[in-house]
Amino acid sequence: MSSTDSPAGGDRYVAVHGSAGFKTLQRKTNSFLIRASILFFGWWFTGSALAAFAPGFFRQEIGGPVNVGLLFMFLTFVVVVAVCAGYLRYAANRLDPLTDEVRAELEGEPR
C-alpha cells in the first residue's frame, strides 16, 4: 500500500462486501459447494464404510477380474468429473453474471 492510497479506497471493498449482489453471490456459491460436498463425501464415506464393515461385498466379482470394489473406485472418478462439470456449468450460468455485476459495482463501470 503506497502513501498515496486513501483509506476511502478501501471502503469501497467493504461496501461491496456488504452489498446485496455480493451476498447473493456468496449464498449461491456456498449452496452449490455444500450440495457438492454432501454428494461427494457421502459417496466416499459410504465406500469407506462398506470396505471396512462389509469387505465381502467389495470382493464380489462382476465379471472377469472386475469386482464391486474396483467398480466403486471407478465410479468415484465419475462422481468427481460429474461434480466438476456441474460446477463449471453452474458457474457459467449462475455465478458469472453475478460476478460481473459485483465487479462492475466495485470498479464503478455503468451497466
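A quick note: this is a predicted structure, and the numbers were derived from the prediction, not measured.

Procedures and definitions
- Residues numbered from 1 in each chain as written.
- Predicted model: local features only at pLDDT ≥ 70, side-chain atom pairs only at ≥ 80, totals over all residues.
- Heavy atoms only, no water.
- Core = buried A, V, L, I, M, F, W, Y, C linked by side-chain atoms within 4.5 Å.
- Buried < 20%, exposed > 50% of the residue type's maximum accessible area, 1.4 Å probe, protein only.
- Helix = DSSP H or I, 4+ residues; strand = E, 2+ residues; numbered from the N terminus.
- Contact = heavy atoms within 4.5 Å.
- Salt bridge = Lys/Arg side-chain N within 4 Å of Asp/Glu carboxyl O.
- Polar contact = N/O pair within 3.5 Å; in protein donor to acceptor, adjacent residues only side chain to side chain.
- Bend = angle between axes of the 7 residues up to and from the residue.
- Axes fitted to C-alpha atoms, helices over the stretch in contact; angles between N-to-C directions.
- Parallel < 35°, antiparallel > 145°, perpendicular 65-115°, else oblique.
- Nonpolar A, V, L, I, M, F, W, Y, C, P; charged D, E, K, R; others polar.
- pLDDT = per-residue confidence, 0-100.

Colleague: Just give me the short version of the nonpolar core, but keep the residues and values in it.
Modeller: Membership of the largest hydrophobic core is limited to nine residues, which are Val16, Leu25, Phe32, Ala36, Tyr90, Ala91, Leu95, Leu98 and Val102. Secondary structure elements with two or more residues in this core: helix H2 (20-53) and helix H4 (68-107). The element best represented in this core is H4, accounting for five residues. When sequence neighbours within four positions are dropped, the list of residues in contact with Phe32 reads Val83, Gly86, Tyr87 and Tyr90.

Colleague: Before we move on, can you summarise the pattern of salt bridges with the specific residues and values?
Modeller: Taken as a whole and judged by the stated rule, the model has one salt bridge. Of the charged contacts, one joins Arg103 and Asp100 as a salt bridge, the two residues approaching to 3.3 Å between their closest N and O atoms. One end of the pair is Arg103 and the other is Asp100, both in helix H4 and three residues apart, which spans about a single turn. Look at Arg103 and you get partly exposed, because its relative accessible area is 42%.

Colleague: Residues and numbers for the side chain of Asn67, please.
Modeller: Topologically, Asn67 is positioned in strand E2 (residues 66-67). Separated by 3.2 Å, the side chain of Asn67 and the backbone nitrogen of Gly69 make a polar contact. Excluding residues within four positions of it along the chain, Asn67 makes contact with Phe58, Arg59, Gln60, Glu61 and Ile62.

Colleague: Requested: an account of H4, with residues and values cited.
Modeller: Ala91 marks where H4 bends most, by close to 45°. Turning to H4, its buried residues number three or more, namely Val68, Gly69, Phe72, Thr76, Val79, Tyr90, Ala91, Leu95, Leu98, Val102 and Ala104. Measuring from the side-chain oxygen of the N-cap residue of H4 to the backbone nitrogen of Gly69 gives 3.2 Å; that N-cap residue is Asn67. Where H4 terminates, the next one or two residues include Gly108, which has phi positive at roughly 80°.

Colleague: Can you tell me about the packing of H2 against H4, naming the residues and giving the values?
Modeller: Relative to each other, H2 and H4 sit at 175°, their axes nearing to 10 Å. Taken together, the axes of H2 and H4 are roughly antiparallel relative to one another. For the contact of H2 with H4, a count of residues per class yields 19 nonpolar, eight polar and two charged.

Colleague: Tell me what's going on with the side chain of Ser19, and back it up with residues and numbers.
Modeller: Take Ser19: it is sitting in the loop between helix H1 (7-17) and H2. Judged by relative accessible area, which is 10%, Ser19 ranks as buried. Within the structure, Ser19 has its side chain in polar contact with the backbone nitrogen of Phe22 (distance 3.3 Å).

Colleague: Describe the confidence of the model for the chain, with residues and values.
Modeller: Residue-level pLDDT values for the chain average 89, and 88% of them are 70 or greater. Mean pLDDT across the elements of the chain bottoms out in H1 (75) and peaks in H2 (95). Throughout residues 1-7 the model reports pLDDT below 50, and contacts reaching past four residues in sequence, or to other chains, amount to zero contacts.

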